[in-house]
Amino acid sequence: MATEAGPDLHDLLKSLRVWAPETTELRPFDPTTAPDAPLALFTAWFAEAVAAGETEPPRVMSLATRDDEGLPDVRMVMLHGADKEGWSFATHSTSRKGHQLKHFAYAALSFYWPRLGRQIRLRGPALPAPAAESRADLHVRSTGSLAAALTGHQSEVLPSLEELTQTSEAAWERAQREPHTPVPTWTLYRVFPDEAEFFQGDALRRHVRLRYVREERGWARELLWP
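Below: a short report on this structure. Sequence positions are assigned chain by chain, starting from 1 and proceeding in written order. Since the coordinates come from a predicted model, pLDDT governs what is reported: local features require at least 70, and pairs of side-chain atoms require 80 or more to be given and counted, while whole-chain, interface and lining totals use all residues. Calculated side-chain values reflect all of the structure's heavy atoms, with hydrogen atoms and water omitted.

**Re the overall build of the protein**
Logical step 1: Strands are runs of DSSP state E lasting at least two residues, helices are runs of H or I lasting at least four, and both sets are numbered from the N terminus onward. On a plain count of helices and strands, the protein comes out with six helices and 10 strands.
Logical step 2: Reported as C-alpha extents along the three principal axes, the dimensions of the protein are approximately 60 × 55 × 40 Å.
Logical step 3: For every accessible area listed, the method is Shrake-Rupley and the probe measures 1.4 Å; residues are considered covered only by the protein chains on display. Element-wise, carbon and sulfur atoms account for 56% of the exposed surface of the protein, whose accessible area totals about 13,900 Å².
Logical step 4: Here the positive residues are Lys and Arg and the negative ones are Asp and Glu; neither His nor the chain ends is included. Charge placement uses NZ in Lys and CZ in Arg. For Asp and Glu, CG and CD serve respectively. Measuring between centres, the 26 positive side-chain charges of the protein sit 4 Å from its 31 negative side-chain charges.

**Details of the environment of A170**
Logical step 1: Considering the arrangement of structural elements, one finds A170 in helix α6 (residues 161–177).
Logical step 2: Remark: the alpha-carbon pair of A170 and T151, spanning 19 residues in sequence, is separated by 8.1 Å.

**Here we look at the pattern of salt bridges**
Logical step 1: Salt-bridge detection follows one rule: a side-chain nitrogen of Lys or Arg within 4 Å of a carboxyl oxygen of Asp or Glu. Within the structure shown, the criterion is met by 14 salt bridges.
Logical step 2: Notably, a salt bridge pairs R27 with E25, separated by 3.3 Å at the nearest N-O pair.
Logical step 3: The classification of residues rests on relative accessible area computed with a 1.4 Å probe and restricted to protein chains. Under 20% of the type maximum is buried, over 50% is exposed, and intermediate values are partly exposed. For E25, a relative accessible area of 43% corresponds to the partly exposed category.
Logical step 4: Here E222 ties to R211 by a salt bridge, and the two come within 2.6 Å at their closest N and O atoms. Of this pair, E222 sits in strand β10 (residues 218–224) while R211 sits in strand β9 (residues 208–215), placing them 11 residues apart in sequence.
Logical step 5: Where salt bridges share partners, they join E25, R27, E48 and R118 into one cluster.

This is the structure we're talking about:
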């Protein structure tokens, strides 16, 4: 029930359904038919998430890193690509996650596509791409992406929203005037997974979990209990 302070969190939690049939299609997944490497399955599932009309872009993913004290940190970022070179995202090298990856170059990624009841988890070394690739990555994106990159100061303390507005307006004006202006701290990172897990939800909670583990000559596959 609601209180003077607002709605009751526990009542709200109880009112929500997991994978409601009117919005979710829990498809069968036969792991014996899965490809030998995770990239092919990721690509197929990504295409199906796009076709299913996920309400958020399917390329949104969580990125987990660790700080200098070994404590975990996580945030949502955008997938910039996935190929034999790894799963890529971008940020400023001077940002919080940029500093963390400099000192501990290992990360975990997680995708969740609720319309299909699917999750994908990957973890492995996370390394910066060459500077030329980082520049190319930024300049194929929108004016807004360049303006955000030019605004800079990511993860630093912000004195006021007014300062953010002023700095952002100047960055937007420059991005429109100089669409190829460089941003030296903008860095493309690639995660080279040692492990990749594919989770398919099941209405009877018999969820199928398939894990790929990188070995010297390829990938081993194994099932996990849900």
